[in-house]
Amino acid sequence: MKVHQTRLSTGITRTKEFERKRLASFAVNVGTKCGHDCLYCSTGALLRMHRSFKEAGQNPFGHGYAIVDPETPGRVAADAQRIRHRGMVQICTVVDAWAPEAHEYRLGRKCLESILAESGWTVRILTKNAAVAEDFDLLEKHRDRVLIGLSITGTADKGRILGIIEPHASPIEQRMATLREARARGLRTYGMLCPLLPGIADAPEQIDELVQLVAQCGAEEVFIEPINPRGPALRVTQEALFTEGYTREAAAIGQIRRRDQWSRYVLELIRHVQTSMQRHSDLGKLRFLLYPTGLTPGDLSEIHQNDTGVIWLGKD
Ligand code: SF4
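Reading guide: rules and limits
Residues numbered from 1 in each chain as written. Predicted model: local features only at pLDDT ≥ 70, side-chain atom pairs only at ≥ 80, totals over all residues. Pairing = 2+ DSSP bridges. Helix = DSSP H or I, 4+ residues; strand = E, 2+ residues; numbered from the N terminus. Axes fitted to C-alpha atoms, helices over the stretch in contact; angles between N-to-C directions. Parallel < 35°, antiparallel > 145°, perpendicular 65-115°, else oblique. Left-handed = near helix turned anticlockwise from the far one by under 90°. Contact = placed C-beta atoms within 7 Å. Nonpolar A, V, L, I, M, F, W, Y, C, P; charged D, E, K, R; others polar. Expected span 1.5 Å × (residues − 1). Buried ≥ 20, exposed ≤ 12 C-beta atoms within 10 Å, placed from the backbone. Domains from an automatic or database assignment. Core = buried A, V, L, I, M, F, W, Y, C linked by C-beta atoms within 7 Å. Arc of directions from axis to C-beta.

Chemist: When you look at the sheet that holds strand β5 (residues 65–68) in this model, what are you seeing that I'm missing?
Modeler: Hydrogen bonds along the backbone pair up the strands of a sheet, which may run parallel or antiparallel. The 3 strands are arranged β1-β5-β4 in an open sheet whose pairing can be described as mixed. If you trace the sheet from one side to the other, it starts and ends with β1 (2–5) and β4 (31–33), each paired once. Here the average twist between neighbouring strands, direction ignored, is 20°. Both β4 and β5 contribute to a ladder of 2 bridges, which runs antiparallel. If you follow G31 over to β5, its bridge partner there is V68.

Put into structure tokens, the structure is as follows:
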């Protein structure tokens, strides 16, 4: 993993998009390329024009590198003091503050300290790294003001496959154990089951297992989002799985590269998740984040007939 440094200009920023998702009103990001290097990551598509890629001489859609800004906590501290209208901040929205290149500088902890030192702020942590547990002592001191979520992207028996497509994130069993530890220490948690990939994590029994896990961990809400088909992410994921001999899973990913099949995958995912949440948790806690662009008219209309738990996103 080649690590580049950059200088960003922002600390705490407003985010209308994450507000619509009911995740947070503000965002902190500690870089522009996350070293977990998930093959399906959509950050490259979102930030492809950012100068940091050109400065690093890297392709925004490439792999094997990270871009981090170790100075981020200083700007976050200044913004945390300066901003008057305060609310929930998500750490992070486009990278991961506990990924190895960020954790080396303890960026997650330092950003948390800067924000929590000021009253009026609450924090939502989202990570795929068990290293966040090193900061649970800090969270315990502010337990009412921090929500913690670890992205859970499949059941433990899919660990090898997830290790291919999320090569530098903590193994899935460690992420699950960290969420359980958070619960055991009395921290506030939420569920982030995202993405649930076809052929890997979208079967009803798999969804049941994941929903039960986050329910047992005291999840206050459960967020689920289908894989984003933008950019080359699906093709890259499919190719990697095929190369490693997971031909059935590769074929399932390949299928949803077709619009009608992606749309069907989303519809079926919503129905499985609604059933599972009703059975094992509380349907009122479901937050299924959905951009309707890409859905076929037939599937769109079918989803509208029962969209309990769906948060509709996009311009309309
Ligand atoms: S952890 Fe999130 S931000 Fe980091 S590479 Fe994976 S999907 Fe992208």
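Chemist: Which parts of the structure should I look at to understand the packing of helix α13 (residues 259–280) against helix α14 (residues 297–305)?
Modeler: Two quantities define a packed helix pair, namely the angle between the helix axes and the distance between the axes. Between α13 and α14, whose axes approach to 9 Å, the crossing angle comes to 10°. Judged by the angle between their axes, α13 and α14 are roughly parallel. Crossing geometry of α13 relative to α14 is assigned as left-handed. Between α13 and α14, the contacting residues are S263, R264, L267 and I270 on the first element and D299, E302 and I303 on the second. By residue class, the composition of the contact of α13 with α14 is 3 nonpolar, 1 polar and 3 charged.

Chemist: Mind showing me how you'd approach α13 here?
Modeler: Note that an α-helix has 3.6 residues per turn; residues three or four places apart therefore point the same way. Helix length check: α13 (22 residues) gives 31 Å between terminal C-alpha atoms against 32 Å at 1.5 Å per residue, within 8%. Among the residues of α13, those classed as buried are W262, S263, Y265, V266, L269, I270, H272, V273, S276 and M277. Contacts from the buried residues of α13 go to α10 (204–216), β10 (219–224), β11 (286–290), α14 and β12 (310–312).

Chemist: What am I meant to see in the domain arrangement of the protein here?
Modeler: Buried accessible area, meaning the area lost when the parts come together, often serves as the stated size of an interface. Assigned domains within the protein: domain 1 (1–19 + 28–89 + 99–119) and domain 2 (128–316). For domain 1 and domain 2, the distance between their C-alpha centres works out to 22 Å. Elements that contribute at least two residues to the side of domain 1 that touches domain 2 include exactly α2 (43–47), α5 (100–103) and α6 (107–116). Sorting elements by how many residues they give to the side of domain 1 that touches domain 2 places α6 first, with 5 residues.

Chemist: What is the right way to look at the nonpolar core in this model?
Modeler: Among soluble globular proteins, nonpolar side chains are generally buried collectively. One finds V89, I91, C111 and V222 to be the most contacted residues of the largest nonpolar core, which totals 88 residues. Examining the composition of this core, we find that 7 residues originate from one element, α13, more than from any other. Residue assignment places this core across two domains, with domain 1 (1–19 + 28–89 + 99–119) and domain 2 (128–316) each supplying three or more. With near-sequence residues (within four places) excluded, C111 lies in contact with V28, V30, T72, P73, V76, I91 and A97.

Chemist: Got a minute to help me understand unusual backbone geometry in this structure?
Modeler: One can expect most non-glycine residues to show negative phi and most peptide bonds to be in trans. Cis geometry marks the peptide bond from I91 to C92, where omega comes out at -5°. Within the element layout of this structure, C92 appears in the loop between β6 (88–91) and α5. Omega for the peptide link from C194 to P195 comes to -5°, which places this bond in the cis form. Looking at where P195 falls in the secondary structure, it is placed in the loop between β9 (188–193) and α10. Although it is not a glycine, R22 adopts a positive phi angle of roughly 60°. Structurally, R22 is set in the loop between α1 (16–20) and β3 (26–28).

Chemist: When you look at the environment of D69 in this model, what are you seeing that I'm missing?
Modeler: Along the polypeptide, D69 turns up in the loop between β5 and α4 (72–82). The exposure class assigned to D69 is buried, which follows from the 24 C-beta atoms found within 10 Å. A C-alpha to C-alpha distance of 6.6 Å links D69 and L8, two positions 61 residues apart in sequence. Beyond its immediate stretch of four places on either side in the chain, D69 contacts Q5, T6, R7, L8, V30 and G31.

Chemist: Can you help me understand helix α9 (residues 172–184) in this one?
Modeler: Its 13 residues place the ends of α9 18 Å apart at the C-alpha level, agreeing with the 18 Å of an ideal helix rising 1.5 Å per residue. Among all positions in α9, only I172, R175, M176, T178, L179 and A182 are buried. All buried residues of α9 project into a common sector of 160° when viewed along the axis, lining one side. Packing partners of the buried residues in α9 comprise α7 (136–141), β8 (146–150), α8 (159–165), β9 and α10. Residue G186 follows α9 closely and has a positive phi angle near 80°.

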